[in-house]
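Each chain, written out:
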Amino acid sequence: MSTPAMTIKDTVRTTCPRDCYDGCGIVVLRRDGRIARVLGDPDHPVSRGGLCGKCAIAYNGAWLDPERRLQRPLRRTGAKGAGAFEPVSWEAALAAIAGRLTAIADGPGAETVVHAHYTGTCSVVATNFPNRFFHRLGATEVEPDTVCNNAGYVALEYVYGTAVKGFDPRTAKDARAILVWGCNPSASAPHAHRYWLPEAPGKKIVVDPVRHDTARAADLHLQPFPGSDAALAFAMMHVLRREGLVDAVYLDRHAQGWDELAPVLDPCTPEWGEAQTGVPAADIVEAARIYGAGPSLLWIGQGLQRQPQGGNIVRAVSLLPAVTGNIGRPGAGVYYLNGKGATRGMELGRLSAAHLRRGPARSIGHMGLAQHLADPARAQAFFCWNMNVAASAPNQAALLRALAREDLFTVVVDPFLTDTARYADYVLPAATFLEFDDLAGSYFHISLGAQAKAAEPMGESLPNAEIFRRLARAMGYEEPELQESDRSMIDQQLALALPGTSFEALAAAGTLPVGAEPAIYFADGQFPTPSGRIEIASAAAEAAGHGRLPSPAADPRPAAGRLRLLTPASRWLMNSSYGNDAGIAGKLGAARVILHPDDAAARGLAAGDRVVVHNPTGRLALELGVADIVPRGVALSDKSRWLDGGANVNILNPGLESDMGRSTALHGVEVEVAKAA
Ligand SMILES: Nc1nc2c(c(=O)[nH]1)N[C@H]1C(S)=C(S)[C@@H](COP(=O)(O)OP(=O)(O)OC[C@H]3O[C@@H](n4cnc5c(=O)[nH]c(N)nc54)[C@H](O)[C@@H]3O)O[C@H]1N2
Ligand SMILES: Nc1nc2c(c(=O)[nH]1)N[C@H]1C(S)=C(S)[C@@H](COP(=O)(O)OP(=O)(O)OC[C@H]3O[C@@H](n4cnc5c(=O)[nH]c(N)nc54)[C@H](O)[C@@H]3O)O[C@H]1N2
Ligand code: SF4
Ligand SMILES: [Mo]
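Sequence order as written defines the numbering, with residues in each chain counted from 1. Working convention: letters from A go to chains and numbers from 1 go to ligands, in the order in which they are written. Local features are withheld for residues below a pLDDT of 70 in this predicted model, meaning they are given only at 70 or higher, and side-chain atom pairs are given and counted only at 80 or more; totals for whole chains, interfaces and linings count all residues. Hydrogens and water molecules were not included; the side-chain quantities draw on all heavy atoms of the structure.

Novice: Lay out the packing of helix α5 (residues 150-160) against helix α14 (residues 310-317) in plain terms, naming residues and giving numbers.
Specialist: All axes here are fitted lines through C-alpha atoms, helices being fitted over the stretch that makes contact, and every angle between N-to-C directions spans 0 to 180 degrees. Strands here are runs of E lasting at least two residues and helices are runs of H or I lasting at least four, both read from the DSSP assignment and numbered beginning at the N terminus. Between α5 and α14, whose axes approach to 8 Å, the crossing angle comes to 40°. As judged from the angle between their axes, α5 and α14 are oblique. In this structure, the crossing between α5 and α14 has a hand that is right-handed. Contacts between α5 and α14 involve A151, G152, A155, L156, Y158 and V159 from the former and G310, G311, V314 and R315 from the latter. Roughly parallel refers to an angle under 35 degrees, roughly antiparallel to one over 145, roughly perpendicular to one between 65 and 115, and oblique to any angle outside these ranges. Take the far helix as the reference: if the near one is turned anticlockwise from it by less than a right angle, the crossing is left-handed, and if turned clockwise, right-handed. The contact criterion used is simple: two residues touch if any of their non-hydrogen atoms lie within 4.5 Å.

Novice: Talk me through the domain arrangement of the protein chain; I want residue IDs and the actual numbers.
Specialist: The domain limits used here are those given by an automatic or database domain assignment. In terms of domain boundaries, the protein chain breaks down into domain 1 (9-64), domain 2 (74-147 + 350-513), domain 3 (167-335 + 522-543) and domain 4 (563-675). Each of domain 1 and domain 3 has a C-alpha centre, and the two are 35 Å apart. Taken together, the contacts link 11 residues of domain 1 with 13 residues of domain 3. Note on terms: buried area is the combined drop in 1.4 Å-probe accessible area of two parts once they are placed together, counting the loss on both. On the domain 1 side of the interface with domain 3, the three residues burying the most area are Y21, D22 and R48, jointly 70% of the side's total. Just to be clear on terms, a salt bridge is a Lys or Arg side-chain nitrogen sitting within 4 Å of an Asp or Glu carboxyl oxygen. Across the contact surface, domain 1 and domain 3 share one salt bridge.

Novice: Now, about the layout of surface pockets: what can you tell me, with residues and values included?
Specialist: Roughly 1,000 Å³ of volume is contained in the second largest pocket. A cavity, in this analysis, means grid points on a 1 Å lattice covering only the protein atoms where a 1.4 Å probe fits yet has no way out; a pocket is instead an open set bounded by protein on both sides within 12 Å along at least five of seven lines, and a residue lines either one if it has an atom within 4 Å of a point. What lines the second largest pocket is a set of 42 residues, among which Y118, T127, N128, D145 and L348 lie closest to the centre. Looking at the lining of the second largest pocket, the elements with two or more residues in it are β6 (113-117), α3 (124-128), α4 (130-137), β7 (140-143) and α16 (349-352). Gly is put with the polar residues, along with every residue not named as nonpolar or charged; the nonpolar set is Ala, Val, Leu, Ile, Met, Phe, Trp, Tyr, Cys and Pro, and the charged set is Asp, Glu, Lys and Arg. In the lining of the second largest pocket, the residues fall into 16 nonpolar, 17 polar and nine charged. Counting contributing residues, the lining of the second largest pocket receives three or more from each of domain 1 (9-64) and domain 2 (74-147 + 350-513). Grid points are joined across faces, edges and corners, and a volume is the space filled by probe spheres set on the points.

Novice: Describe the site of ligand 2, listing the residues and the values that go with them.
Specialist: Taken together, 35 residues are adjacent to ligand 2, and D208, D229, R306, L573 and N575 come closest. The contact in question runs from an oxygen atom of ligand 2 to an N or O atom on the backbone of G303, over 3.2 Å. Each accessible area is a Shrake-Rupley estimate made with a 1.4 Å probe; only the visible protein chains count as cover when residues are assessed. Within the complex, 99% of the 910 Å² of free accessible area of ligand 2 lies under protein. Residues of the shell around ligand 2, tallied by class, amount to 16 nonpolar, 12 polar and seven charged. Whether a residue is near a molecule or strand is decided by its heavy atoms; if any one of them lies within 4 Å of it, the residue is near. Counted as a polar contact is a pair of N or O atoms within 3.5 Å, where, for protein atoms, one must be capable of donating a hydrogen and the other of accepting one, and residues adjacent in sequence contribute only when both atoms are in side chains.

Novice: Account for the site of ligand 3, naming residues and giving values.
Specialist: Contacts to ligand 3 come from C16, R18, C20, D22, G23, C24, L51, C52, K54, C55, P190 and H191. Assignment of a molecule to a cavity or pocket requires that more than half of its atoms lie within 2 Å of the corresponding grid points. One can see that ligand 3 is located within the largest cavity. Of all the elements in the fold, those that place two or more residues in the shell around ligand 3 are α1 (53-58) and α7 (190-199). Considered class by class, the residues forming the shell around ligand 3 number seven nonpolar, two polar and three charged.

Novice: Which residues make up the state of the cysteines, and what are the values?
Specialist: Only a pair of cysteine sulfur atoms within 2.5 Å qualifies as a disulfide here. Considering all chains together, one arrives at zero disulfides under this definition. Free cysteine C122: the closest other cysteine sulfur is in C16, separated by 9.2 Å.

Novice: Can you explain the pattern of salt bridges? Please cite residues and give values.
Specialist: For the structure on display, the rule yields 36 salt bridges. Two residues, E460 and R72, come together in a salt bridge whose shortest N-O distance is 3.5 Å. Of the two residues, E460 is situated in the loop between β19 (447-451) and α20 (464-474) and R72 in the loop between α1 and β4 (74-76); the sequence distance between them amounts to 388 residues. Accessible area is worked out with a 1.4 Å probe on protein chains only. A residue is then buried under 20% of its type maximum, exposed over 50%, and partly exposed in between. Judged by relative accessible area, E460 falls into the partly exposed class, the value being 33%. We note a salt bridge from E479 to R136, for which the minimum N-O separation is 2.9 Å. Here E479, found in the loop between α20 and α21 (486-497), pairs with R136, found in helix α4; they are 343 residues apart in sequence, far enough to count as distant. Residue classification places E479 among the buried residues on the basis of a relative accessible area of 17%. Three or more residues are tied together by salt bridges with common partners; here these are R76, K80, E406 and D425.

Novice: An account of the packing of aromatic side chains is requested, with residue identities and associated values reported.
Specialist: Centre-to-centre distance and the angle between the planes together describe a pair of aromatic rings. In summary, the pairing rule links any two rings of Phe, Tyr or Trp, Trp by its six-membered ring, whose centres are within 6.5 Å, and it sorts them by plane angle into stacked for under 30 degrees, edge-to-face for over 60 and tilted for everything else. With the rule as written, the count across this model stands at 30 aromatic pairs. Ring centres of W196 and F444 lie 5.0 Å apart, and the angle between their planes is 85°; this geometry places the pair in the edge-to-face category. Of this pair, W196 sits in helix α7 while F444 sits in the loop between β18 (438-440) and β19; the two residues are 248 residues apart in sequence, bridging distant segments of the chain. Its relative accessible area of 13% is what places W196 among the buried residues. Residue classification places F444 among the buried residues on the basis of a relative accessible area of 0%. Taken together, the aromatic side chains of Y21, F167, W196, W299, Y335, Y443 and F444 make up a single cluster linked through ring pairs. Above the ring of F129, the side-chain terminus of R469 is found at 5.7 Å from the ring centroid. To sit over a ring, a charge needs its Lys NZ or Arg CZ within 6 Å of the ring centre and within 35 degrees of the ring normal.

Written as structure tokens, this is what we have:
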């Protein structure tokens, strides 16, 4: 008689490494060492026991599903894009890839190997270590931030000397106002929306063309036309000056250029602001009064700067704290991102090891990716890891044509057979964050989490770092940096952020704060700009071809019949991740575009109609939604669905660059909308 087998149940604490403000703690329930359920950690200060809706579904769905996950390396057997592959061994795949890369390096040159990477996992080793391999090879990097937030980085560096040291969210307890500008926490920072904002004692003001759930919950919602925010900021500064809310002492001590800016504000009355932005003058006055009373926090969203003049807009908006002295004291500050280096002492550059680089540093921007890959003289191979360019990059039709080039040797590293992977010659199966140790942390909260392995990698999949260690060996590279262990890098970075804390201790805790008290950045009034002051007027900006001062100009409104298309984050997707999950598909429903009722009526359209959204770049069939959550002249459609052989909103995105940092102007796209034939 056999005895019934004992089931061993246990739990593992880990941390969500997605590109997200929240950085939630996770508890993995295991049965006999296998993952049974992925849940929020009840002890985690941000998630408080709940994951966001999308991760709660996908981490228990596609991410654990052997039918969805890639189990083995794949070699292409059919046409590019067709998705026909055969499994091969790691040895065979790596030998073939190494052979081809070596031939390219010896022939046309390693710089014709182009690699794109971004937000698949943001855990520190898996995101950074693979760069060592590409440095050693001498490849061309697609500058990751150009598809997301680079204009804002450049703009804030002009003004404050850094874009990665914002405010510590814990200081909200001291703020009398929180101004959220061009960000949608209800989708992109769900726990900040649910807990942090409502629990903060101050008044909340949201500036966004869309009346999303965070805007709806605010004390005041300003709804400017997209691309008009610089005018709004100037009108608010006009009011601040008129009402004596400017902090002259602070400006005198810590800023330069106020004397140049002040006269420019004279004509920027609230009435002028209303004409430029569509925001009622009385609301501009009220927002300026609430913000100016201080102490006030300013949260600049990444959506704000995805505009043709996005850099100028961020420069203009970021002056509000300077002119009111809302920086360097409790409850004050301006946040865009809190870097793990700038706010937690980590040295992520060491993980990328740029000293390994062969030849000059070469990079291109995402806006030029499709053209670059179409050109055999510049692109012989394409390596896409941690990214799904087919869904996320602009110029989708041109990009897919380039990816279909028979002679573009393409390798994709991903846990799933994405739209990009369908064009690969070799697909390498990546393990997910549940399957290896790393460090993870939010870009909002000043803390650090352990990403602790909860299961063996599925099938033959491997963590990013291990894949690139093996590929380096297959290439015959002998630099020891290319074989460094994950544990060595984790220990090195952990010692910088939380000295004296072992990975095991961090894993037991889940997430630990960095610093016991809320950090107050720039309390000494010193800024890492050329002058050491806040540069309202910037010689560096001028030398780069921008104005010495930001300009109050708003974008021209779309010509008659055209609409400005906003394509922000969906609450049910993380960029394109989870687009292949059946549960998520149910939540997403049909792909839609939302118009203001007047714009729908003017086109003879009703909710539920099939419409064609089009412009000279492309066409996309969508279902119509009608709601007054957007202003007249604006169309709204979420980003990042999987193409599944078709297209998503990036078929309409021509890849216009913003004014700074070669960065995306994707919220500046214009379209027409008509009933489908
Ligand atoms: N129209 C429009 N387009 C946009 C945007 C927009 O607002 N509108 N937003 C832009 C922005 S802000 C960004 S940041 C980009 C994001 O674009 P991407 O960085 O391309 O983000 P994802 O589409 O999620 O692709 C990440 C891929 O990494 C995979 N992955 C997950 N974990 C791992 C891992 O551990 N290892 C490896 N190798 N892969 C992993 C996922 O399965 C997924 O396929 O999109 C941009 N595109
Ligand atoms: N659920 C979910 N969360 C995510 C992501 C996701 O795809 N899904 N992506 C992650 C990534 S990569 C990033 S970069 C962040 C981005 O998160 P956010 O910083 O929130 O950026 P977006 O979602 O692009 O846009 C935010 C808001 O900017 C507004 N906006 C657009 N143009 C203008 C303008 O001209 N003026 C003003 N005032 N507002 C404007 C849009 O209407 C939108 O509501 O979210 C991260 N979190
Ligand atoms: S994506 Fe963001 S909100 Fe969702 S579980 Fe991860 S950290 Fe939390
Ligand atoms: Mo992003």
